[in-house]
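# Understanding the architecture of this molecule
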Amino acid sequence: MKKAPTKPRIIFMGTPEFAVAILDKLLQEKAHIVAVITAVDKPAGRGKKIHESAVKKYALANNIPVLQPKNLKNDAFIAELASYNTDLQIVVAFRMLPKVVWAMPKLGTFNLHASLLPDYRGAAPINWAIINGEEKSGVTTFFIDDKIDTGNIILQEEVPIKETDSAGDLHDKLMKKGANLVVETVNQITAGTIITKSQKELPDTKPAPKLYPETCKINWEKDVTTIYNHIRGLSPYPTAWTTLYVADKPLKFKIYKATKIADKHHLAPKTIVRTKKTLHIAVKNGFIALEEVQLAGKRKMAIQDLLNGLASNTLLLKD
């Protein structure tokens, strides 16, 4: 590996808060960030106000030039990118890059991925690790090639997953661990000491596809552990959901937090056991106790608040 300049010129690419933590760590370590590339501004929310990415806000606050190309193959953008004479590019939660972009820097372009590759390649590695009940996850840095998440691995580090961890909890753990791993990766590239390894293609490699609304719908016919993992694996975003029928009227709501109660019972799945303060749903091998939910258009609330609002209405789960 060719030794880099003492302070390689780096372009950082990313969009969400996860990427901000890594960019912040790089600046703390005095990395030479010459520019940031992030998603274009877009309208969001009910008022359709223009929304800037978390990375853009952070970069502007730290006087870092920001590029927001709509088309990564655009000739004007490619020329502007080349003008920075970059040694290295770092990608964290961005988008697939064309070869003309990732092959441009002298020392290559590497990505931080929130899994132990080759497992959980794809858009939602944190969510799927929890949904599948994994006991560990991790972060991986790898050089980008012409496929998605398949390039040679530079460094990896494991992170344990607790049975009570949500996707949000794992996100924060991986964010912190990933920031340190990116800094170490830059240091090794700069020193010319990295040793990469190729990703082995295994028949049981687990994917991490994009999440859709139907993916997030709870199947109450599953067992208690599967449903519990589904709920925590989608919390706080994009969030598991179900439809509760209140006096035969459908009420769609999201479930942010629940606990599982292992118990042998003879109730049919989806049977609701309600008290003034609790709502337990019977499933295979136990109950799911709802704790924090959100009705469409409303704020998040404790289950007791929801029950207070529903008074003595009949509650049913039909699908």
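Now for a look at the structure at hand. Quantities reported herein were computed from a predicted structural model and do not represent experimental measurements.

### Quick word on the pattern of salt bridges
Inspection of every chain in the model, using the stated rule, returns 11 salt bridges. Asp-87 is the salt-bridge partner of Lys-106, the closest N and O atoms lying 3.5 Å from each other. Taken together, the residues span a long stretch of sequence, with Lys-106 in the loop between helix H4 (99-102) and strand S7 (109-113) and Asp-87 in the loop between helix H3 (75-83) and strand S6 (88-92) at a distance of 19 residues. Look at Lys-106 and you get exposed, because its relative accessible area is 52%. One salt bridge in this structure joins Glu-291 and Lys-257, with 3.9 Å as the shortest N-O distance.

### Things to note about the pairing of S7
Within S7, 5 of the 5 residues are buried, which leaves the element mostly enclosed by the surrounding structure. Sheet analysis places S6 next to S7, joined by 4 bridges and oriented parallel. By the bridge assignment for S7, Ile-90 is matched with Phe-110. In this sheet, strand S8 (residues 136-143) lies alongside S7 in antiparallel orientation, the contact comprising 4 bridges. For Leu-112, the partnering residue across the bridge sits in S8 and is Thr-141.

What counts as what
- Residues numbered from 1 in each chain as written.
- Predicted model: local features only at pLDDT ≥ 70, side-chain atom pairs only at ≥ 80, totals over all residues.
- Heavy atoms only, no water.
- Salt bridge = Lys/Arg side-chain N within 4 Å of Asp/Glu carboxyl O.
- Helix = DSSP H or I, 4+ residues; strand = E, 2+ residues; numbered from the N terminus.
- Buried < 20%, exposed > 50% of the residue type's maximum accessible area, 1.4 Å probe, protein only.
- Pairing = 2+ DSSP bridges.

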